[in-house]
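Coordinate analysis (summary)
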Amino acid sequence: QVQLVESGGGLVQPGGSLRLSCVASRHIFSFATMGWYRQTPGKQRELVAKITSGGTAIYADSMRGRFTISRDIPKNMVYLQMNSLKPEDTAAYYCNAWIDNTNYWGQGTQVTVSS
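For the structure given in this document, a descriptive report is provided here.

Reading the values: the criteria
- Residues numbered from 1 in each chain as written.
- Predicted model: local features only at pLDDT ≥ 70, side-chain atom pairs only at ≥ 80, totals over all residues.
- Heavy atoms only, no water.
- Phe/Tyr/Trp six-rings, centres within 6.5 Å; stacked < 30°, edge-to-face > 60°.
- Helix = DSSP H or I, 4+ residues; strand = E, 2+ residues; numbered from the N terminus.
- Buried < 20%, exposed > 50% of the residue type's maximum accessible area, 1.4 Å probe, protein only.
- Lys NZ or Arg CZ within 6 Å of the ring centre and 35° of its normal.
- Pairing = 2+ DSSP bridges.

Summed over the entire model, instances satisfying the criterion amount to one aromatic pair. Ring geometry for Tyr-37 versus Trp-105: centroids 5.1 Å apart, planes at 75°, classification edge-to-face. On the criterion of sequence distance, the pair formed by Tyr-37 in strand β4 (residues 33-39) and Trp-105 in strand β10 (residues 102-105) is long-range, its members being 68 residues apart. On the accessibility criterion, Trp-105 (34% relative accessible area) is partly exposed. The residue whose ring lies beneath Arg-45 is Tyr-94, and the NZ or CZ to ring-centre distance is 3.7 Å. Positioned above the aromatic ring of Trp-105 is the side chain of Arg-45, whose terminal nitrogen or guanidinium carbon lies 4.5 Å from the ring centre.

Shown next as structure tokens:
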């Protein structure tokens, strides 16, 4: 079992930036793929970015170049730096850990991009 807790969401103007953080309850990065997903009402949860246990970052096409996923292994932290935010980036963002074919999710943090 692992618990994930996100933080850093909020209201930001178009073109602005936010950094989301996710802390894991134990050391898992050596064997887990960590990711960020987002979801809007009525739509399926979609991948934003993920980082493998080996440190390879993978991005959804629409986020590549604007978003950056990173991790701090000693702190059990995963980050999502979001730049050049657009209104269509408004969503609940969820931290995910993929371990042994099992998904673990955080409770989500809301990001609203609006003027």
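Counted residue by residue, β4 has five buried out of seven residues, so it is predominantly covered. Here seven bridges tie β4 to strand β9 (residues 91-99), and the two strands are oriented antiparallel to one another. Looking across to β9, one finds that Gly-35 is bridged to Asn-96. As judged from the five bridges shared by β4 and strand β5 (residues 46-51), these two strands associate in the antiparallel manner. When the bridges of β5 are listed, Met-34 appears paired with Ile-51. What sits between β4 and β5 in their antiparallel hairpin is a turn of six residues, with Gly-42 showing a positive phi close to 85°.

For the rest of this paragraph, the subject is the pairing of strand β11 (residues 109-113). Burial along β11 is one-sided: Thr-109, Val-111 and Val-113 are buried, and none of Gln-110 and Thr-112, which face the opposite way, are. Across three bridges, the pairing between strand β2 (residues 10-12) and β11 is parallel. In the sheet register, Val-12 faces β11, and the bridge partner there is Val-113. Taken together, the three bridges between β9 and β11 define a ladder with antiparallel strand orientation. Residue pairing across strands places Tyr-93 opposite Thr-109, the latter belonging to β11.

Interpretation note: all reported values are geometric properties and have no functional meaning in isolation.
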